Amino acid sequence: MVRKSLVVALICILVGSLAGCATNGYYDPARSTGAGALGGAATGAAVGSIIGAATGSPATGAWVGAAAGGVLGAVGGYLYAEHRNSQARSSQAAAQAYNYTPTQGNVVSIDRVDVNPSRVGAGQQVQLGMTYTILTPDNRPAAVTLVREVRLGGNMVGQPYQTTVNNANGTYSDQVAYSLPGNATRGTYTVTSRINSNYGSDQRDGSFTVR
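Numbering of residues begins from 1 in every chain and follows the order in which that chain's sequence is written. Reporting of local features is limited, given that this is a predicted model, to residues whose pLDDT is at least 70; pairs of side-chain atoms are given and counted only at 80 or more, and all residues count toward the totals for whole chains, interfaces and linings. Each side-chain value is worked out from all heavy atoms of the structure, with water and hydrogens disregarded.

Chemist: Describe the overall build of the protein, with residues and values.
Modeler: Each helix and strand in the protein was counted, giving five helices and twelve strands. Burial here depends on accessible area, computed with a 1.4 Å probe over protein chains only, as a share of the maximum for the residue type. Under 20% is buried, over 50% is exposed, and the range in between is partly exposed. Among the 211 residues that make up the protein, the fraction classed as buried is 40%. The criterion used for residue contact is that any of the two residues' heavy atoms lie within 4.5 Å. A sequence separation of at least 24 residues applies to 72% of the contacts in the protein between residues at least 6 apart. Within the structure as shown, the protein displays about 10,600 Å² of accessible surface, and the carbon and sulfur contribution to it stands at 53%. Under the DSSP-based scheme used, a helix requires at least four consecutive residues in state H or I and a strand at least two consecutive residues in state E, with every element numbered from the N terminus. To be clear on the numbers: accessible area is Shrake-Rupley with a 1.4 Å probe, and residue cover counts the displayed protein chains and nothing else.

Chemist: Which residues make up the pattern of salt bridges, and what values go with them?
Modeler: Salt bridge, as applied in this entry: a Lys or Arg side-chain nitrogen positioned within 4 Å of an Asp or Glu carboxyl oxygen. One pass over the full model with this rule turns up five salt bridges. Two residues, Asp114 and Arg112, come together in a salt bridge whose shortest N-O distance is 3.3 Å. Judged by its relative accessible area of 45%, Arg112 is partly exposed. A salt bridge links Arg140 to Asp138; the nearest nitrogen and oxygen atoms lie 3.3 Å apart. Linked by salt bridges that have partners in common, Glu149, Arg151 and Arg194 make up one network.

Chemist: Could you give an account of unusual backbone geometry, naming the residues involved and the relevant values?
Modeler: A negative phi angle is the norm for most residues apart from glycine, just as the trans form is the norm for most peptide bonds. For the bond running from Asn116 to Pro117, omega is -5°, close enough to zero to count as cis. Mapped onto the fold, Pro117 is located in the loop between strand E4 (107-116) and strand E5 (119-120). Located in the positive-phi region is Asn99, a residue other than glycine, with phi close to 50°. Of note, Asn99 is situated in the loop between helix H5 (91-98) and E4. The exposure class of Asn99 is exposed, given its relative accessible area of 65%. A positive phi angle is found at Asn139, which is not glycine, with a value near 60°. Tracing the sequence through the fold places Asn139 in the loop between strand E6 (125-135) and strand E7 (142-152). Residue class for Asn139 comes out partly exposed when judged on its relative accessible area of 44%.

Chemist: Summarise the nonpolar core; cite the residues concerned and give the values.
Modeler: Residues Leu128, Val150, Tyr178, Leu180, Tyr189 and Phe208 are the most contacted members of the largest nonpolar core, which totals 17 residues. Mapped onto this core, the elements with two or more residues apiece are E6, strand E10 (170-179), strand E11 (187-197) and strand E12 (200-210). Excluding residues within four positions of it along the chain, Leu180 makes contact with Gly77, Tyr78, Val120, Gly121, Gly123, Gln124, Val126, Phe208 and Val210. Put simply, buried Ala, Val, Leu, Ile, Met, Phe, Trp, Tyr and Cys residues joined by side-chain atoms within 4.5 Å make one nonpolar core. Counting twelve residues, the second-largest nonpolar core is a separate cluster that includes Tyr132, Val144, Leu146 and Ile195.

Chemist: Pulling in residues and values, what's your account of the environment of Arg119?
Modeler: Structurally, Arg119 can be placed in strand E5. In the structure, Arg119 is positioned 89 residues away from Phe208 in sequence and 5.7 Å away in space, judged by C-alpha atoms.

Chemist: Describe the side chain of Asp174, and please don't skip the residues or the numbers.
Modeler: Considering the arrangement of structural elements, one finds Asp174 in strand E10. Take Asp174: its relative accessible area is 0%, and that puts it in the buried class. Here Asn85 takes part through its side chain, which lies 2.7 Å from a polar atom of the side chain of Asp174. Apart from the residues lying within four places of it in its own chain, the contact partners of Asp174 are His83, Arg84, Asn85, Leu128, Gly129, Met130, Tyr132, Leu146 and Arg148. Side-chain atoms alone can form a polar contact between residues adjacent in sequence; in general such a contact is a pair of N or O atoms within 3.5 Å, and within protein one must be able to donate a hydrogen while the other accepts it.

Chemist: Kindly report on the packing of aromatic side chains, identifying the contributing residues and their values.
Modeler: Here the aromatic set is Phe, Tyr and Trp, taking the six-membered ring for Trp, and pairing holds for ring centres within 6.5 Å; pairs whose planes are under 30 degrees apart are stacked, those over 60 apart are edge-to-face, and all others are tilted. The full count for this structure, using the stated rule, is six aromatic pairs. Consider the rings of Tyr132 and Tyr172, whose centres lie 5.7 Å apart with planes at 20°: the pair is stacked. Taken as a pair, Tyr132 in strand E6 and Tyr172 in strand E10 lie far apart in primary sequence, 40 residues in all. The burial state of Tyr132 is the same as that of Tyr172; both residues are buried. With centroids separated by 5.0 Å and ring planes inclined at 10°, the aromatic side chains of Tyr189 and Phe208 adopt a geometry described as stacked. Here the residue Tyr189 occupies a position in strand E11, and Phe208 occupies one in strand E12, the gap between them amounting to 19 residues. The class for Tyr189 is buried, based on a relative accessible area of 0%. Owing to a relative accessible area of 1%, Phe208 belongs among the buried residues under this scheme. Put simply, the rings of Tyr78, Tyr80, Tyr161, Tyr178, Tyr189 and Phe208 pair up and form one aromatic cluster.

Laid out in structure tokens, this is it:
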């Protein structure tokens, strides 16, 4: 009974430590990148060795290690890192570009999305770009939640990326890197970029192809 409990505890600790890199879909870039460096097979082997020794059964260690390796590999397969958010236009410049006046109310708009490169190989990285504008009548800073969702054939690939930034009025450029695993499925992936705030929301789609 003690050995079985130890096995369960080890699995929970190892899987939980990797899953802890994400909270509500938001990936900490440094921790996310570190998790991605762990291969599912290598991690599974380590788990198997520990469990085999704890239970005195190499066979048990082998199958549990393989299963854990599969879970860890799936969680760590598609990762986000290197998030950057910078102001491209001041509130005054953005208002001029939009011919904005306070009587228009709130403006929450994604001006464009960029996915570079548009064709990529498995194991490579894609830069997901978004340019957005926030304008409000009182010119107050706004908390803006930025979301990226990647789908293949309508199905979500990995976890969505989400983070919240506090911006003054203006236009902003936002970039996040999306890393593909070496066994990424070929096809055209849809990237949905979304912004949400108390002043409104907007979204746009882009795409890239894994060749």
